[in-house]
Amino acid sequence: MISVLNITCRFGGFDILHASLERQTFKDFEVVIVDGLWKNREPQVKKYFKDFNLKYVREDEKSKGVYSNLAHADNQGFRNCNGELIVPIQDFIWCPPYMLHKFNEAYKAYGNILVTAVGH
């Protein structure tokens, strides 16, 4: 199984993630969302992703004086992933239908590797 990890603290973007995951040709995945805005939208997000194997994580509050909680949120997400392979997807990123299949094939071929990508 693959864990698709999305860390977010911005409004919007779930429609892009949802549509991208809905079209995936590889279907054995869970969606782990670490949400910094859970106080505003937790029930709506859970309902929107009801057809997926969803793990919704409330991002911890930031420490005083800390501008960004991203590294801490990443660690929260990694701890909640059950997949053998973790694929982090940032906000507002469209993914082609074969994305998870390609990552799974690379993992099977090369083992424990780090693959990064940039849009455009």
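Numbers given for residues are sequential positions, taken from 1 along each chain in its written order. Note on the predicted model: pLDDT of at least 70 is required for a residue's local features to be given, and 80 or more for side-chain atom pairs to be given and counted; whole-chain, interface and lining totals, by contrast, use all residues. To get the side-chain values, take all heavy atoms of the structure and skip hydrogens and water.

A. Up close: the sheet that holds strand β1 (residues 2-8). DSSP bridges decide pairing: two strands pair if at least two such bridges lie between them. Runs of H or I in DSSP of at least four residues are treated as helices and runs of E of at least two as strands, each being numbered from the N terminus. Within the open sheet, the four strands sit side by side as β3-β2-β1-β4. Their pairing is parallel. At either end of the open sheet lies a strand with only one pairing partner, and these are β3 (54-58) and β4 (85-88). With direction set aside, neighbouring strand axes in the sheet form an average angle of 20°. Alignment of strand β2 (residues 29-35) against β3, held across five bridges, turns out to be parallel. Its bridge partner lying in β3, D35 is registered against R58. Every residue pair with non-hydrogen atoms within 4.5 Å of one another is taken to be in contact. Note on geometry: axes are C-alpha line fits, over the in-contact stretch for helices, and angles between N-to-C directions span 0 to 180 degrees. Of the strands in this sheet, β1, β2 and β3 are in contact with helix α2 (residues 38-48), which crosses β3 at around 170°. Sitting on the sheet, helix α4 (residues 99-110) touches β1, β2 and β4, and the angle it makes with β4 is about 140°.

B. Inspection of the packing of aromatic side chains at higher detail. Stacked, edge-to-face and tilted labels apply to pairs of Phe, Tyr and Trp rings (six-membered ring for Trp) whose centres lie within 6.5 Å, assigned for plane angles under 30 degrees, over 60, and everything in between, in that order. The tally for this structure, following the rule as stated, stands at four aromatic pairs. Taken together through their ring pairs, the aromatic side chains of F14, F29, Y48, F49 and F52 make up a single cluster.

C. Broad picture of the nonpolar core. In this text, buried Ala, Val, Leu, Ile, Met, Phe, Trp, Tyr and Cys residues form a nonpolar core when linked through side-chain atoms within 4.5 Å. Each residue's exposure class comes from its accessible area (1.4 Å probe, protein chains only) as a fraction of the maximum for that residue type: buried when under 20%, exposed when over 50%, partly exposed otherwise. Counting 21 residues, the largest nonpolar core has I2, F29, I33 and L100 as its most contacted members. Going through the elements one at a time, β1, α1 (14-22), β2, α2, β4 and α4 are the ones with two or more residues in this core. Formed by seven residues, the second largest nonpolar core is a distinct cluster that contains I7, V32, A73 and C81.

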